[in-house]
Amino acid sequence: MVDGLILRVVPDGPVTDEELAEQARHLKDHLNQVPGVEAMELVEEAEPGTRDPVSTIFGALTLAVFSYPTAKRAAADIKHLTEVIKRYQERNKGKRLRLSLPDGTEIDVRDVSEKTLTEVIKSVSVPRQGMPAVPQKVDGE
């Protein structure tokens, strides 16, 4: 099980694995243009006895959304990320996007508003490791 977000391209009709993989790669390219976001094709260990050590899940992307900047990553512009996802959905009729949260909840992107999607993504964004706590002011200081 992946700990981050999973974004799946779900066709409304029959499509080949190659078409599904191409649609996911196209979406991945757009998502990776958003600062603070890392999208990768979802892979998992292959079945025992097969030659490949990993296999790609066609049409599925893992999505890491960073809430704090690090040396290599900017904090994500989550509103921009949400716009990219919603625009992709609008441009690709006949294909839906389904967002899977770390707790197993699945959301059909076309069924939620941009505002709701922004809040959901914000709630599961990945904070920078080792981020110092902001000291709280105590009365009298």
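Residues numbered from 1 in each chain as written. Predicted model: local features only at pLDDT ≥ 70, side-chain atom pairs only at ≥ 80, totals over all residues. Heavy atoms only, no water.

K.L.:
Got a minute to help me understand the pattern of salt bridges in this structure?
P.N.:
A side chain of one charge can pair with a side chain of the opposite charge when the charged atoms of the two come close. All told, the structure shown has 8 salt bridges when counted by the stated rule. We note a salt bridge from R96 to D12, for which the minimum N-O separation is 2.9 Å. Of this pair, R96 sits in strand β4 (residues 95-100) while D12 sits in the loop between β1 (5-11) and α1 (17-31), and the two are 84 residues apart along the sequence. Between D12 and R110 there is a salt bridge whose closest N-O contact spans 4.0 Å. Within this pair, whereas D12 is found in the loop between β1 and α1, its partner R110 is found in the loop between β5 (106-108) and α3 (114-123), the two being separated by 98 residues in sequence. With a relative accessible area of 46%, D12 lands in the partly exposed category. Several salt bridges converge on common partners, so that one network encompasses D12, R96, D108 and R110. (Salt bridge = Lys/Arg side-chain N within 4 Å of Asp/Glu carboxyl O. Helix = DSSP H or I, 4+ residues; strand = E, 2+ residues; numbered from the N terminus. Buried < 20%, exposed > 50% of the residue type's maximum accessible area, 1.4 Å probe, protein only.)

K.L.:
Can you help me understand helix α2 (residues 78-91) in this one?
P.N.:
Relative to the 20 Å expected for 14 residues at 1.5 Å per residue, α2 spans 20 Å between its end C-alpha atoms, a close match to the ideal helical length. Here α2 has its buried residues at I78, L81, T82, V84, I85, K86, Y88 and Q89. (Expected span 1.5 Å × (residues − 1).)

K.L.:
I keep staring at the environment of T70 and nothing clicks. Help me out?
P.N.:
Tracing the sequence through the fold places T70 in the loop between β3 (54-65) and α2. Between the alpha carbons of T70 and G36 there is a distance of 9.3 Å; along the sequence they are 34 residues apart.

K.L.:
Is there a simple way to think about the pairing of β1 in this case?
P.N.:
Along any regular strand the residues' side chains alternate between the sheet's two faces. When you tally the buried positions in β1, you get 5 out of 7 residues, the bulk of the element. Summarising the sheet, β1 and β4 pair through 6 bridges and their orientation is antiparallel. Paired with V9 across the strands is L97, a residue of β4. (Pairing = 2+ DSSP bridges.)

K.L.:
Explain the packing of α1 against α2 to me, please; I cannot follow it from the model alone.
P.N.:
α2 packs onto α1 with a crossing angle of 150 degrees between their chain directions and a minimal axis gap of 10 Å. Taken together, the axes of α1 and α2 lie roughly antiparallel to each other. The crossing of α1 and α2 is right-handed. Judged by residue contacts, Q23, H26, L27, H30 and L31 of α1 engage L81, V84, I85, Y88 and R91 from α2. (Axes fitted to C-alpha atoms, helices over the stretch in contact; angles between N-to-C directions. Parallel < 35°, antiparallel > 145°, perpendicular 65-115°, else oblique. Left-handed = near helix turned anticlockwise from the far one by under 90°. Contact = heavy atoms within 4.5 Å.)

K.L.:
I would appreciate a short explanation of α3 in the present structure.
P.N.:
For an α-helix, 3.6 residues make a turn, and residues three or four places apart therefore share a direction. Within α3, the full set of buried residues consists of L117, T118, V120 and I121. The buried residues of α3 occupy an angular sector of 165 degrees when the element is viewed end-on, so they sit on one face. For α3, the exposed residues set more than 90 degrees away from the buried face come down to K115 and S123. (Arc of directions from axis to C-beta.)

K.L.:
What's the story with the nonpolar core in this structure? I'm lost.
P.N.:
If you look at soluble globular proteins, the nonpolar side chains tend to sit buried side by side. Core analysis: the largest hydrophobic core is formed by 28 residues, its most contacted members being L31, I85, L99 and I121. Put simply, the parts of the chain that give this core at least two residues each are β1, α1, β2 (37-45), β3, α2, β4 and α3. In contact with L99, not counting residues within four places along its chain, are L5, I6, L7, T105, E106, I107, V109, L117, V120 and I121. (Core = buried A, V, L, I, M, F, W, Y, C linked by side-chain atoms within 4.5 Å.)

K.L.:
I keep staring at the environment of V9 and nothing clicks. Help me out?
P.N.:
Structurally, the position occupied by V9 is in strand β1. Residues V9 and Q23, spaced 14 residues apart in sequence, show a C-alpha to C-alpha distance of 7.3 Å. For V9, the residues in contact, after removing those within four places along its chain, are L20, Q23, A24, L27, G59, Y88, K95, R96 and L97.

K.L.:
Is there a simple way to explain the pairing of β4 in this structure?
P.N.:
Most of β4 is tucked away, with 5 of its 6 residues classed as buried. Relative to β5, β4 runs antiparallel, the two sharing 3 bridges. Looking across to β5, one finds that L99 is bridged to I107. Turn length for the β4-β5 hairpin, with the two strands adjacent in sequence and antiparallel, is 5 residues, and the turn residue G104 shows positive phi of about 95 degrees.

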